[in-house]
Amino acid sequence: MESIRFIHAADLHLGSPLSVAAGAPSLLKKQFENSIYAAVHKMINNAIQFKVDFIILAGDLFDQENRSIKSQLFLKQQLELLKPHGISVYIVHGNHDPLAENYAPVEWPDNVEVFSTVPEMKVFYKNNKPAAHLYGCSYREREMPTNIAKAYNKQHGAPFHIGILHGQEKTVADADNYAPFSLKDLVEKEMDYWALGHIHTRQNLSPHICYPGNIQARHRKEQGEKGYLLVDLKKDELDISFQAVSNVVFENLEISINGKETFDHLTNTLIKQIKQVSLEYAEGLWLEIELTGSGRLSEHLESEINVEEWKEAINEIGALEDPFFYIYRIKNKTIPAEVTDQIKDGEHFLGDTHQAANFYRSNPDMLQREWEELLHHPSAKKFMSENTASNMEVIIEEAERTIWNKWGRGVSN
Ligand SMILES: [Mn+2]
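About the cut-offs
- Residues numbered from 1 in each chain as written.
- Predicted model: local features only at pLDDT ≥ 70, side-chain atom pairs only at ≥ 80, totals over all residues.
- Heavy atoms only, no water.
- Helix = DSSP H or I, 4+ residues; strand = E, 2+ residues; numbered from the N terminus.
- Buried < 20%, exposed > 50% of the residue type's maximum accessible area, 1.4 Å probe, protein only.
- Contact = heavy atoms within 4.5 Å.
- Axes fitted to C-alpha atoms, helices over the stretch in contact; angles between N-to-C directions.
- Parallel < 35°, antiparallel > 145°, perpendicular 65-115°, else oblique.
- Nonpolar A, V, L, I, M, F, W, Y, C, P; charged D, E, K, R; others polar.
- Domains from an automatic or database assignment.
- Buried area = accessible area lost by both parts, 1.4 Å probe.
- Salt bridge = Lys/Arg side-chain N within 4 Å of Asp/Glu carboxyl O.
- Polar contact = N/O pair within 3.5 Å; in protein donor to acceptor, adjacent residues only side chain to side chain.
- Donors = N, O, S within 2.8 Å, 3.2 Å for Na, K, Ca; no water.
- Patch = residues over 30% accessible without salt bridge, like charges linked within 9 Å, V, L, I, M, F, W, Y side chains within 5 Å.
- Areas by Shrake-Rupley, 256 points an atom, 1.4 Å probe, with all protein chains shown as cover.

Draft legend 1. A look at the side chain of N46. Position of N46 relative to the elements: it lies in helix 2 (residues 35–49). For N46, a relative accessible area of 5% translates into the label buried. Setting aside chain neighbours within four positions, we find N46 in contact with Y228 and V245.

Here it is, written out as structure tokens:
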């Protein structure tokens, strides 16, 4: 029976600057800096081990238009490893690594096929017979305002048809410059599979139209395990499995201090919760911890020195775990016990503060409007900054905490 097996990856972003929390130990920083290379290498080994027919790289292989020579030589050397195994590679270039840009060129080995900047078809042969038609188009410039998918024309003569596209659905904000398409455009082409790239979060637009996401997280906002898709295409059958290859994984965890009377109790709970984050492949976890709830420990968590010391102590434990974990930030969102007690006892001002904070949380527009008024206030404006949209939640938190600490203490003393 006819079948093909391939790897679909995208958005390697080789050469991406990886900035990390300033306090991280140098060993971890090094490991993180090397993480994309390690992930790509793991994928190449998998390709050989899983005996795939070919690999599709759906754009943004390199992070910058100038493509560091280091990244190019690395990728070339990796793709060469596939050659003795008869594994081909199909590449389209995206907005980060367009073809027209000026870069020091590296010649690809002959098992690599790069799609040009006009939509074209390439034939994959298996046992000397056409086994798949692949359709693709590389970006010439950083911007690709045309709907190139529309120009992919299915040509009969092979059992399987695969579209490769670095682009974004029209309905997504900022799609205009990234080969915007509608789901209908893709469905109408009647491909067996669409290998998409550009969106860094793994997602399927339909069972056979998929973004694999990027291969390794580059910062805290790219959470969870990352990797590629392993695709098995048979007649009337499609099998897709996600394969994790990212070395370093970012996660956020929320821990409640409710009912925790001591730091060792809280520490045990935290470590237990960290261990529940299951990792398929990664060597370690980079964590942001958000502390919530209310209780005695809240008061101690207000001291930055305490939090820093506690964090260091937990990180010493984390360094010895396998996979290791490293906490790069602890956010304290706990409410001091005395504040909740006072609110319970009818302390109306603290209660009102809490209500007002919740009101602004659910009506950020209102806060934005009041903020803008303050921007023009003769004496307040020098303390204000305009870039607040993404920080509204933090501003509300800080305001609430400041009021609790000043007023709450004042009343109880
Ligand atoms: Mn892109």
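Draft legend 2. Molecular detail of the packing of helix 9 (residues 348–362) against helix 10 (residues 364–375). One can describe the packing of helix 9 onto helix 10 by two numbers: an axis separation of 5 Å at closest approach and a directional angle of 100°. Comparing the axis directions of helix 9 and helix 10 gives the class roughly perpendicular. Taking contact as the criterion, the partners of F359, Y360, R361 and S362 in helix 9 are, on helix 10, P364, M366, L367 and E370. Its residues placed into classes, the contact of helix 9 with helix 10 shows five nonpolar, one polar and two charged.

Draft legend 3. Region of the structure containing the domain arrangement of the chain. When the domains of the chain are assigned, the result is domain 1 (3–244) and domain 2 (248–412). For domain 1 and domain 2, the distance between their C-alpha centroids amounts to 39 Å. Across the domain 1 to domain 2 interface the summed buried area is about 1,600 Å²; carbon plus sulfur atoms make up 58%. Linking domain 1 to domain 2 there are one salt bridge. Ionic pairing is found between E288 and R220, a salt bridge with its closest N-O pair at 3.8 Å. Summed over the shared surface of domain 1 and domain 2, the number is eight residue pairs in polar contact (both at pLDDT 80 or more). Within the residue set of the side of domain 1 that touches domain 2, elements represented by two or more residues are helix 1 (26–33) and helix 2. With three residues, helix 1 is the single largest residue contributor to the side of domain 1 that touches domain 2. Counted by class, the side of domain 1 that touches domain 2 contains eight nonpolar, seven polar and four charged residues.

Draft legend 4. How the structure looks around the coordination of the manganese ion. Protein-derived ligands of the manganese ion are D60 (OD), N95 (OD1), H166 (NE2) and H198 (ND1), with the metal-ligand distances lying across 2.0 to 2.3 Å. Mapped onto the sequence, the donors of the manganese ion take the spacing D-x34-N-x70-H-x31-H. Of this pair, H166 sits in strand 7 (residues 160–166) while H198 sits in the loop between strand 8 (193–197) and strand 9 (203–206); the two residues are 32 residues apart in sequence, bridging distant segments of the chain.

Draft legend 5. How the structure looks around a nonpolar patch on the surface. Together, F349, I403 and W407 make up a nonpolar patch on the protein surface, roughly 260 Å² of accessible area in all. Topologically, I403 is positioned in helix 11 (residues 392–412). Judged by relative accessible area, which is 31%, I403 ranks as partly exposed.

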